Amino acid sequence: MASVTSTESATGRASRTETILLALGVAALVALPFFVYPIFVMKMMCFALFACAFNLLLGYTGLLSFGHAAFFGGAAYFTAHAVKVWGVGPEIGILIGVVGAALLGLVIGFFAIRRQGIYFAMITLALSQMFFFFCVQADFTGGEDGIQGVPRGTFLGLVDLQDPHAMYYFVMANFVLGLFCVWRVVNSPFGMVLRSIRENENRAVSLGYSVQNYKLAAFVMSAALSGLAGAIKALVFQFATLTDVAWQMSGEVILMTLLGGIGTLVGPVVGASFVVALQNMLATSFFPVTIATGAIFMVCVLIFRRGIVGEIYAFIERRRTDEANDHHSRH
C-alpha cells in the first residue's frame, strides 16, 4: 500500500512539474518572436506538436507506429489543396486537414491494431508507404513538384496571416490547443485505461475493457493531432511536398520523441526543439544532418534511455527518495 501511495505521489509531482514547465514555456513563446526569427519558432512548434501527438500513441498507449508521416503529410496536402484550389479560409483548410488525417488514421488503425509489437509497426509503415505512392501519382498533390504558393489568407476574415507576427500567434494558439488536448486526454479516465493497456494489456482485457476500441481511439486521436501539425506547417511554409509523407518523416518524429522522453508531456517538445535547432544550425555547414541526428539517436539509446526530460525526472525522483530514506533512517 505504501509503495502504491508513493507511486501516485511521484506521478502527481511529475504532473505538477510538467504543468508549471508548460505554463512557463507558453509565457516564453509569447515574447519569443521579438527576439528570434518567427519562422524558425513556428517550425519548432509544428514539429513539437507532431511529436506530442506521436507520444500520445507511443508513450501512453505503448504502440510504436512507423507511419505517422501519412497523417502529417496527408493533412498538409489536404489543407494546401483546400486553401489554394478551393479558396477556403485557413481555419476551414486546417479543419479539412485534421478531419482527413483522422479518417486516414481510422483506416490505417483499423488494420494495424489487430497485430502487436513489430507486426503493428510494419503494418503502419506499409500502409504509410502505400499512401506515399498514392501522393506521387495523384493529380491534386502535384506529384514531385508538390503544392507550391499556398496562400495563408485571413483568419475568420479579420486577421491577415501574411503578417509574420499575426501568423506566429495563430500558430501558437493552435500549438497550445493541441498540447491542451494531449494533456486532457492523458489526465482523464480514458488516459488511465491507455496507461493500463501499455503496462499490461492482458490485465486490461481481464478487467473488461475493450482494448481494441481504446487502441483505435488513441490511434485516431494521435493521427488527428498529427494532422493539425501538418496543416499548420503547410500554411507556415506555404507548400506541401512528398518530403512530408516520406518514411523519413516518421523516423524523425520517433527520434524527437525518444530524445525528449517518451511518456512525458514536455519531453517531445524538448526533443523536437533540439532536433529542429540542430538541423537549422547544420543547414549551412558541410556536415551532413543525417549523420548528426543518427549519432544523437545512438547516444540517446545507449546513455539516455529515458530521454532528456525522462532522465531529469528520474534524477529528481532518486534525490527525493534518497532524502526520504535518510530522513526515515535518522528517525
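Calculation criteria
- Residues numbered from 1 in each chain as written.
- Predicted model: local features only at pLDDT ≥ 70, side-chain atom pairs only at ≥ 80, totals over all residues.
- Heavy atoms only, no water.
- Salt bridge = Lys/Arg side-chain N within 4 Å of Asp/Glu carboxyl O.
- Helix = DSSP H or I, 4+ residues; strand = E, 2+ residues; numbered from the N terminus.
- Buried < 20%, exposed > 50% of the residue type's maximum accessible area, 1.4 Å probe, protein only.
- Disulfide = S-S within 2.5 Å.
- Expected span 1.5 Å × (residues − 1).
- Arc of directions from axis to C-beta.
- pLDDT = per-residue confidence, 0-100.
- Contact = heavy atoms within 4.5 Å.
- Phe/Tyr/Trp six-rings, centres within 6.5 Å; stacked < 30°, edge-to-face > 60°.
- Lys NZ or Arg CZ within 6 Å of the ring centre and 35° of its normal.
- Core = buried A, V, L, I, M, F, W, Y, C linked by side-chain atoms within 4.5 Å.

Chemist: What is the right way to read the pattern of salt bridges from this model?
Modeler: One pass over the structure, following the stated rule, counts three salt bridges. When the shortest N-O distance is used, the salt bridge between Glu201 and Lys215 registers 3.0 Å. Of the two residues, Glu201 is situated in helix H8 (residues 201-206) and Lys215 in helix H9 (residues 211-237); the sequence distance between them amounts to 14 residues. Here Lys215 falls in the buried class, since its relative accessible area comes to 2%. One salt bridge in this structure joins Asp244 and Lys233, with 2.9 Å as the shortest N-O distance. Taken as a pair, Asp244 in the loop between H9 and helix H10 (247-260) and Lys233 in helix H9 lie far apart in primary sequence, 11 residues in all. Taking the relative accessible area as the measure of exposure, Lys233 reaches 6% and is therefore buried.

Chemist: What's the story with the environment of Met281 in this structure? I'm lost.
Modeler: Positionally, Met281 belongs in helix H11 (residues 267-282). Taking the relative accessible area as the measure of exposure, Met281 reaches 57% and is therefore exposed.

Chemist: Would you mind going over the state of the cysteines with me for this structure?
Modeler: One way to say it: the disulfide is the covalent bond shared by the sulfur atoms of two cysteines. Applying the stated criterion to the full structure yields zero disulfides. No disulfide involves Cys46; its nearest neighbouring cysteine sulfur is the one of Cys52, lying 12 Å away. No disulfide involves Cys181; its sulfur sits 11 Å from the nearest other cysteine sulfur, which is in Cys52. A relative accessible area of 32% places Cys181 in the partly exposed class.

Chemist: Hey, could you run me through helix H12 (residues 289-302) in this one?
Modeler: Residues separated by three or four positions in an α-helix point in the same direction, a consequence of the helix having 3.6 residues per turn. Between its terminal C-alpha atoms H12 stretches 20 Å, which fits the 20 Å expected from 14 residues at 1.5 Å a residue. All of the buried residues in H12 are Ala292, Thr293, Ile296 and Cys300. Down the axis of H12, the sector holding all buried residues measures 95 degrees, keeping them to one side. Turned more than 90 degrees away from the buried face of H12 sit Thr290, Met298 and Leu302, all of them exposed.

Chemist: Teacher, can you tell me more about the confidence of the model for the chain here?
Modeler: Regions with low pLDDT should not have their predicted coordinates read in detail. Per-residue confidence for the chain gives a mean pLDDT of 85; residues scoring 70 or more make up 92%. Per-residue pLDDT stays below 50 along residues 1-8; that stretch engages in zero contacts with residues further than four places along the chain or on separate chains.

Chemist: I would appreciate a short explanation of the packing of aromatic side chains in the present structure.
Modeler: Any aromatic ring pair is given by two values, namely how distant the centres are and how the planes are angled relative to each other. Scanning the model with the defined rule gives 16 aromatic pairs in all. With a centroid separation of 5.3 Å and 85 degrees between ring planes, the pair formed by Phe110 and Phe111 is classed as edge-to-face. A residue is classified by how much of its surface remains accessible, and Phe110, at 40% relative accessible area, is partly exposed. The partly exposed category is assigned to Phe111, whose relative accessible area is 46%. When the centroid spacing of 6.3 Å and the interplanar angle of 50 degrees are considered together, the rings of Phe134 and Phe140 count as tilted. Phe140 sits in the partly exposed class, given a relative accessible area of 25%. Feature note: the residues Tyr77, Phe78, Phe131, Phe134 and Phe140 constitute an aromatic cluster, connected by ring pairs. Sitting above the plane of the Phe110 ring, Arg114 keeps its charged end 4.2 Å from the centroid.

Chemist: Help me understand the nonpolar core in this model?
Modeler: Across soluble globular proteins, nonpolar side chains have a tendency to be buried as a group. Ranked by internal contacts, the top residues of the largest apolar core, which has 90 residues, are Met45, Phe47, Phe71, Met167 and Phe175. For this core, the leading source of residues is helix H2 (residues 38-61), giving 18 residues. Non-local contacts of Phe47, meaning those with residues more than four positions away in its chain, are made with Phe72, Met249, Glu252, Met256, Ala272 and Val276.

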